[in-house]
Amino acid sequence: MVYLDSWDDFLEKSVQLFRSNPEKTRYVMKYRHSDGKLVLKVTDDKECIKFKTDQAQDAKKMEKLNNVFFTLMAHGPEVDISGVGGKDPVEAQSSTRKGKGRKH
């Protein structure tokens, strides 16, 4: 089990791990509210890498990891993931719910 300090290293190694063994690779997200820590783990039962953070803005990184893995799983391990990512901050703000509801 290896904790990586750099998000870019973690993302790169996660993708490499998935591409080397797509049938066995899985990832787990664990959030401990009491500690305010988010741990992301990617493993294929032979190799295990982890990324730990306590920064709230790193939740966007978790969203990017989800999108990368969804793309890899849906389109195959050889797909180009250079354009895959989370929502831009402007896009995320514009997608807030506007509709029927009770006004306070």
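Numbering of residues starts from 1 in every chain and runs along the sequence as written. Under the rules for a predicted model, residues below a pLDDT of 70 receive no local features and side-chain atom pairs below 80 are neither given nor counted, while totals for whole chains, interfaces and linings still include all residues. Each side-chain value is worked out from all heavy atoms of the structure, with water and hydrogens disregarded.

Enquirer: Tell me about the pairing of strand 3 (residues 37–43), and name the residues and values.
Expert: Summary of the burial criterion: residues with accessible area below 20% of their type's maximum are buried, those above 50% are exposed, and those between are partly exposed, where the area comes from a 1.4 Å probe applied to protein chains only. Only DSSP runs of H or I with at least four residues qualify as helices, and only runs of E with at least two residues qualify as strands; both kinds are numbered from the N terminus onward. Among the seven residues in strand 3, five count as buried, and that is most of the element. Two strands pair when backbone bridges link them, and strand 2 (residues 26–32) and strand 3 are joined in this way by seven bridges, in the antiparallel orientation. Paired with Lys-30 across the bridge in strand 3 is Val-39. Once strand 2 ends, the chain turns through four residues before running back antiparallel as strand 3, passing Gly-36 with a positive phi of about 70°. For two strands to be treated as a pair, DSSP must find no fewer than two bridges joining them. Between the antiparallel neighbours strand 3 and strand 4 (residues 48–53) lie four residues, among them Asp-45 with a positive phi of about 75°.

Enquirer: Run through unusual backbone geometry, naming residues and quoting values.
Expert: The backbone phi angle of Asp-45 is positive, close to 75°, even though this residue is not glycine. Since its relative accessible area comes to 55%, Asp-45 is described here as exposed.

Enquirer: Tell me about helix 2 (residues 59–75), residues and numbers included.
Expert: In this model, helix 2 (17 residues) spans 24 Å end to end at C-alpha, consistent with the 24 Å of a helix rising 1.5 Å per residue. Taken together, the buried positions of helix 2 are Leu-65, Asn-66, Val-68, Phe-69, Thr-71 and Leu-72. Note on contacts: a residue pair qualifies if any of its non-hydrogen atoms lie within 4.5 Å across the two residues. Packing partners of the buried residues in helix 2 comprise helix 1 (7–20), strand 2 and strand 3. The first or second residue beyond helix 2 is Gly-76, which carries a positive phi of 100°. Given the number of residues in a helix, its expected span is that number minus one, multiplied by 1.5 Å.

Enquirer: Can you break down the packing of aromatic side chains residue by residue, with the values?
Expert: The geometry of an aromatic ring pair is captured by the separation of the ring centres together with the interplanar angle, meaning the angle of the planes. When two rings of Phe, Tyr or Trp (its six-membered ring) have centres within 6.5 Å they constitute a pair, described as stacked for plane angles under 30 degrees, edge-to-face for angles over 60, and tilted for the intermediate range. A full pass over the atoms with the stated rule returns five aromatic pairs. Ring geometry for Trp-7 against Phe-51: centres 5.2 Å apart, planes inclined by 70°, an arrangement best described as edge-to-face. Of this pair, Trp-7 sits in helix 1 while Phe-51 sits in strand 4, and the two are 44 residues apart along the sequence. With respect to class, Trp-7 is no different from Phe-51; both count as buried. Judged by centre distance (4.7 Å) and plane angle (25°), the ring pair of Tyr-27 and Phe-69 falls under stacked. With Tyr-27 in strand 2 and Phe-69 in helix 2, this residue pair connects regions lying 42 residues apart in the sequence.

Enquirer: Describe in detail the pattern of salt bridges, supporting the description with residues and values.
Expert: Every case where a carboxyl oxygen of Asp or Glu lies within 4 Å of a side-chain nitrogen of Lys or Arg is listed as a salt bridge. Within this structure, the stated rule accounts for four salt bridges. Measuring nitrogen to oxygen at the nearest pair gives 2.9 Å for the salt bridge that ties Arg-26 to Asp-45. With Arg-26 in strand 2 and Asp-45 in the loop between strand 3 and strand 4, the pair connects residues that are 19 residues apart, well separated along the chain.

These results come straight from atomic positions and should not be treated as a statement about function.
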